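Residue-level structure breakdown
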Amino acid sequence: YEGKRIKSGLEVKGPGVGFIRPHADPKRLKANRDDFALMSKHLRMVQDQTQIDVYEDKSAQFWRWRDWMPDTGRFSGKDEAIRFAESADYPLVSKADVGASSKNVRILKTRAEGVRHCVEVFDKGIEVDHCAGGKKSRQKGYVLLQRFIPHKITWRVNIIGTKRAVFMRYCYPDKPVAQTGNVEPVMEMTKQVESLFDFCNRFAAHAGTKWCALDVLQDGDEWRLLETSLAWPWPSPGKCNDAPIFGTDKKWIQLFDVMFDEIEAGTW
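What counts, and where the lines are drawn
Residues numbered from 1 in each chain as written. Predicted model: local features only at pLDDT ≥ 70, side-chain atom pairs only at ≥ 80, totals over all residues. Heavy atoms only, no water. Helix = DSSP H or I, 4+ residues; strand = E, 2+ residues; numbered from the N terminus. Rg over C-alpha atoms; globule rule 2.2 N^0.38 Å. Buried < 20%, exposed > 50% of the residue type's maximum accessible area, 1.4 Å probe, protein only. Contact = heavy atoms within 4.5 Å. Arc of directions from axis to C-beta. Lys, Arg positive; Asp, Glu negative; His and termini not counted. Salt bridge = Lys/Arg side-chain N within 4 Å of Asp/Glu carboxyl O. Polar contact = N/O pair within 3.5 Å; in protein donor to acceptor, adjacent residues only side chain to side chain. Expected span 1.5 Å × (residues − 1). Pairing = 2+ DSSP bridges. Axes fitted to C-alpha atoms, helices over the stretch in contact; angles between N-to-C directions. 1 Å grid on protein atoms, 1.4 Å probe; cavity = no way out; pocket = protein on both sides within 12 Å on 5 of 7 lines; lining within 4 Å. Points joined across faces, edges and corners; volume = space filled by probe spheres on them. Nonpolar A, V, L, I, M, F, W, Y, C, P; charged D, E, K, R; others polar.

Attention now goes to the overall build of the protein chain. Summing up its helical and strand segments, the protein chain has seven helices and 13 strands in all. For 268 residues, the compact-globule estimate of 2.2 N^0.38 gives 18 Å, and the C-alpha radius of gyration of the protein chain, at 19 Å, lies within 12% of that figure. The principal-axis extents of the C-alpha atoms in the protein chain amount to approximately 55 × 45 × 30 Å. Every one of the 268 residues in the protein chain was classed for burial, and the buried ones make up 47%. Looking at the protein chain alone, contacts between residues at least 24 apart form 62% of all its contacts between residues at least 6 apart.

This is how it looks when you write it as structure tokens:
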């Protein structure tokens, strides 16, 4: 396939297939949204508008998909946040809207820790890292608090049209941050993976997305969505390139081939 990289939707002459890599910087992300709207007039856009809109915005994901997540509360008032922190079961997970690879995710282990965290966020704010470019900002004026699910594995499912690729991120006791460096591709279909795919397929239909990445935890016999991301970059290092895309004989590194196969077949 012939293709080229462009810096702005103004360069689009059409027709063809378009694909945007969003940027974490809020101003750049707004430009990405504008580009999406402009490009979609000429090109068939692979990512859906919703995934562009909720990238780097966990609160937006919460408002859309909280029924799929562990019990989660978002509080924009200091008093209500403290009341919740005083009565909640612990541990709790606190998240900022921005960040990737578990940045800005905090495990609050005790009631005192939870109350102190809420006071700090609303009084002076907490510095948070964005997922690209070294940009920092402050989380202030809201807290996003979620029930903690004990787990050893975070599952990542990449949705590419009707096909799926799945990976396991191990959460080591001495390395609580799960990143791409400790990821393992899932190479075979099991009953557990079938159950995971069933959950992810139902969510994809609900969200109306055909190109997305899902972070999922197993909660007893249920599955819970942690957040969505964009499937283009992840995972990419080393042996992950040999991971299968289930439902096809192709490997992870050929995900664009899978996409174009479906587009050409009219099944995308």
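From this point, the narrative continues.
Turning our eyes to something else, we now look at helix H4 (residues 78–87). In an α-helix there are 3.6 residues to a turn, and that puts residues three or four apart on one side. For H4, every residue scored as buried is listed here: Ala 81, Ile 82 and Ala 85. Around the axis of H4, the buried residues are gathered within 95° of arc, so they sit on the same side. Exposed and oriented more than 90 degrees from the buried face of H4 are Asp 79, Arg 83 and Ser 87. As for H4, its buried residues are in contact with strand S3 (72–75), helix H5 (111–123) and strand S8 (143–147).

You can see Lys 95 is positioned in strand S4 (residues 92–95). It turns out Lys 95 is buried and unbridged, and the closest side chain with the opposite charge, Glu 227, is 4.7 Å from it. A polar atom in the side chain of Lys 95 sits 3.1 Å from the side chain of Gln 146. When near neighbours in sequence (up to four residues on either side) are disregarded, Lys 95 contacts Lys 58, Asn 104, Val 105, Gln 139, Tyr 142, Leu 144, Gln 146 and Leu 226.

Our focus in this paragraph is helix H6 (residues 191–207). Its 17 residues give H6 an end-to-end C-alpha distance of 24 Å, which sits within 8% of 24 Å, the value for a rise of 1.5 Å per residue. Looking at the buried positions of H6, the neighbouring elements they touch are helix H3 (58–65), strand S9 (153–160), strand S10 (163–170), strand S12 (211–219) and strand S13 (222–229).

As a further point, take the sheet that holds strand S11 (residues 183–185). With antiparallel pairing, the five strands of this open sheet are ordered in space as S11-S10-S9-S12-S13. If you trace the sheet from one side to the other, it starts and ends with S11 and S13, each paired once. The mean angle between the axes of side-by-side strands here comes to 30°, regardless of whether they run parallel or antiparallel. Looking at chain direction, S10 and S11 are connected through three bridges and run antiparallel. Opposite Arg 169, over in S11, you have Val 183 as the bridge partner. Against the sheet, helix H7 (residues 255–265) contacts S9, S10 and S12, and its axis sits at roughly 40° relative to S9.

Bringing the sheet that holds S4 into the picture now. The four strands are arranged S3-S8-S4-S5 in an open sheet whose pairing can be described as antiparallel. Edge positions in the sheet fall to S3 and strand S5 (106–108), since each of these pairs with one other strand and no more. Neighbouring strand axes in the sheet, compared pairwise and without regard to direction, differ in orientation by 25° on average. Note that S3 and S8 share four bridges and pair antiparallel. Residue Thr 72 lies in a different strand from S8, and its bridge partner there is Gln 146. With respect to the sheet, H3 is in contact with S3, S4 and S8, its orientation differing from that of S3 by roughly 125°. Of the strands in this sheet, S3, S4, S5 and S8 are in contact with H5, which crosses S5 at around 130°.

With that settled, consider empty space enclosed by the protein. Where empty space is left in the structure can be found by rolling a water-sized probe over the atoms. In total, this model carries one cavity of 30 Å³ or more according to the counting rule given. Taken as a whole, the largest cavity spans an internal volume of roughly 50 Å³. Taken together, Lys 58, Gln 61, Phe 62, Met 69, Thr 72, Lys 95, Leu 144, Gln 146, Leu 226 and Glu 227 form the lining of the largest cavity. Going through the elements one at a time, H3, S8 and S13 are the ones with two or more residues in the lining of the largest cavity. Among the elements that make up the lining of the largest cavity, the one with the highest residue count is H3 (three residues). Its residues placed into classes, the lining of the largest cavity shows four nonpolar, three polar and three charged.

Turning our eyes to something else, we now look at the environment of Tyr 1. Structurally, Tyr 1 is set in the segment before strand S1 (17–18). Overall, the relative accessible area of 58% leaves Tyr 1 in the exposed class. C-alpha of Tyr 1 to C-alpha of Pro 150: the two residues are 149 residues apart in sequence and 44 Å apart in space.

Purely geometric numbers; function is a separate question.
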